[in-house]
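Each chain, letter by letter, is given below.
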Amino acid sequence: MYSHILVIRLSAMGDVAMTVPVLRAFSLQYPNVKITVVSRPFFKPFFDDIENITFFPIDLNERHKGFLGLLRLFSDLRKLNIAAVADLHNVLRSKIIRTLFALNGKKVAATDKGRQDKKTLTKLAIKTISPTKTMFERHCETFEKLGFPLYLESPTFPEKSILSDEIIKITGKKEENWIGIAPFAQYESKVYPLDLMQQVIDELAKIASNKILLFGGGSEEIKKLNQLKNNLENVLVLAGKTNLKEELAIISNLNVMLSMDSGNAHIAAMLGVKVITLWGATHPFAGFQPFHQQDDFCLTSDRKQYPFLPTSVYGNKKVAGYENAMRTILPSQVIEKINSNLI
């Protein structure tokens, strides 16, 4: 059994968040094995609460930039006495690193992303669809190749964070139901129409015992979030007011998170929060359903009206005539699903 495993997962917030439940399970099931996670510095707070994990920040802007930078990265990592490598990213950069370790006699394994299965699922045709393996299952397979079978059936989640005075100054003390809403995603085909989201927020805000916390980032999103706030007292725009560590603490205290198929869904799920997700061009059957969430928490666009769905794995593919697919998810459905999970 290897004593020290290097785990590579370089970028994409949602994808990094999806590794967290797997690594938490690994830490509990193999407490004598050390893990070093290589990723962007921004993501370090994701792993702070997991035993046996150290974090190695990759510097893609200077020291580890380009091919020579990858050679320096390999040199830096070799000093850590790595015994095996789990490549959970499986892109050119990570392939180079794991190949260098393999040439130095180390056992390596990489996550099979199931590209053919996903291609079949998203072909532009009327089709019968079925679930592909989840990314969590695929990551577990990677560790099994290294001799570490993992079991995710009864996961452990971190305790809710104690909110600091700095956070309470922004959010107030938690005396209501906290409903997180993350209305944006990287691609437009995954974003619930803002006029419908406005209906959802306005209706939820009518209940005095609800506080709605809006998540996002960047000046354009903040502008739209302030519009969605609609001058409602119990709706708070968090974007631009907290750092990632503070945001994780707030999310851990939510009663429920409403998110698109996006990174925020996976962050909330890795913290054990109930997550209601809305799906447009994409679909949970592609393997990106948030961790340990009920199937009916995923509200998908109507495949009878839009029979080619899903049309994209990541939402980056536009299909003419499918621009309004998400309008088939009614605000009343979203509101009912949230209310039924506030109990």
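In this text the structure is predicted, and so the values were computed from the model without any measurement. (Residues numbered from 1 in each chain as written. Predicted model: local features only at pLDDT ≥ 70, side-chain atom pairs only at ≥ 80, totals over all residues. Heavy atoms only, no water.)

1. Comments concerning a nonpolar patch on the surface
- On the surface, F67, L68 and L71 cluster together into a nonpolar patch covering about 310 Å² of accessible area.
- Within the secondary structure, L71 sits in helix α2 (residues 66-78). (Patch = residues over 30% accessible without salt bridge, like charges linked within 9 Å, V, L, I, M, F, W, Y side chains within 5 Å. Areas by Shrake-Rupley, 256 points an atom, 1.4 Å probe, with all protein chains shown as cover. Salt bridge = Lys/Arg side-chain N within 4 Å of Asp/Glu carboxyl O. Helix = DSSP H or I, 4+ residues; strand = E, 2+ residues; numbered from the N terminus.)

2. Focus on helix α10 (residues 263-270)
- Burial within α10 is extensive, with eight of its eight residues counted as buried.
- Listed in full, the buried residues belonging to α10 are G263, N264, A265, H266, I267, A268, A269 and M270.
- Close packing links the buried residues of α10 with α1 (13-29), β6 (177-182), α9 (244-252), β9 (256-260) and β10 (274-279).
- Positive phi shows up at G272, right after α10, with a value of about 85°. (Buried < 20%, exposed > 50% of the residue type's maximum accessible area, 1.4 Å probe, protein only. Contact = heavy atoms within 4.5 Å.)

3. With respect to empty space enclosed by the protein
- On inspection of all chains with the given rule, the structure shows one cavity of 30 Å³ or more.
- Counted as a void, the largest cavity has a volume near 30 Å³.
- Residue lining of the largest cavity: I8, L10, V38, I58, L70, L73, L77, R93 and I97, and that is the complete set.
- Broken down by secondary-structure element, the contributors of at least two residues to the lining of the largest cavity are α2 and α3 (92-103).
- Here the lining of the largest cavity takes three residues from α2, the largest share from any one element.
- Among the residues forming the lining of the largest cavity, the class breakdown is eight nonpolar, no polar and one charged. (1 Å grid on protein atoms, 1.4 Å probe; cavity = no way out; pocket = protein on both sides within 12 Å on 5 of 7 lines; lining within 4 Å. Points joined across faces, edges and corners; volume = space filled by probe spheres on them. Nonpolar A, V, L, I, M, F, W, Y, C, P; charged D, E, K, R; others polar.)

4. Notes on the packing of helix α7 (residues 194-205) against helix α8 (residues 219-229)
- Where α7 contacts α8, the two axes come as close as 9 Å, and the packing angle between them is 45°. By the angle between their axes, α7 is oblique relative to α8. Between α7 and α8 the crossing geometry is right-handed. Counted together, L194, M197, Q198 and I201 of α7 and K224, Q227 and L228 of α8 form the full contact between these two elements.
- By residue class, the composition of the contact of α7 with α8 is four nonpolar, two polar and one charged. (Axes fitted to C-alpha atoms, helices over the stretch in contact; angles between N-to-C directions. Parallel < 35°, antiparallel > 145°, perpendicular 65-115°, else oblique. Left-handed = near helix turned anticlockwise from the far one by under 90°.)

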